[in-house]
Amino acid sequence: MSNAAAVIRDRQRYILYNQTWMAAIDREGNTDWEAVSILAHEIGHHLSGHTLVMKAAVPQRSYGRIYFQAMFWRRWEQVWKSRRGR
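Chains are numbered independently. Their residues run from 1 in the order of the written sequence. Given that the model is predicted, a residue must reach a pLDDT of at least 70 before its local features are reported, and side-chain atom pairs must reach 80 or more before they are shown or counted; all residues, however, enter totals for whole chains, interfaces and linings. Processing note: side-chain calculations cover all non-hydrogen atoms of the structure and skip hydrogens and water entirely.

(A) How the structure looks around helix H1 (residues 19-29). Working definition: with a 1.4 Å probe on protein chains only, accessible area under 20% of the residue-type maximum means buried, over 50% means exposed, and in between means partly exposed. Only DSSP runs of H or I reaching four residues or more are called helices, and only runs of E reaching two or more are called strands; each is numbered from the N terminus. When H1 is considered as a whole, its buried residues turn out to be Met22, Ala24 and Ile25. For H1, the angular spread of the buried residues around the axis is 160 degrees, confining them to a single face. Of the residues in H1, the exposed ones pointing more than 90 degrees away from the buried face are Gln19, Thr20 and Arg27. Those residues of H1 hidden inside the fold are in contact with strand S2 (12-17) and helix H2 (33-47). Here a polar contact means two N or O atoms within 3.5 Å. Within protein one must be a hydrogen donor candidate and the other an acceptor candidate, and residues neighboring in sequence count only if both atoms are side-chain atoms. At the N-terminal boundary of H1, the capping side chain belongs to Asn18, with an oxygen 2.9 Å from the backbone nitrogen of Thr20. Just past H1, the residue Asn30 takes up positive phi, approximately 55 degrees. For this quantity, the arc is that covered by the directions from the helix axis to the C-beta atoms. Any two residues having at least one pair of non-hydrogen atoms within 4.5 Å are treated as being in contact.

Here is the structure:
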């Protein structure tokens, strides 16, 4: 595994990721939010049903994953602002 992927194995859903790659991303960004965003992106694959379709990747399908990622960051921003205001 070179980066991260949402997969189904034995009818179970998994997020696979390269630990070395993920640690490098954390180090480069001085935060773990980049890694969290990547995991949110992969969760978006599962929630959008992309792992259920056995076809070649189609660029248009990326919009659902990007939308899920954007919703994750929007919610994170709301939580962060509410905690910061306390």
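So that's the structure; there's more coming.
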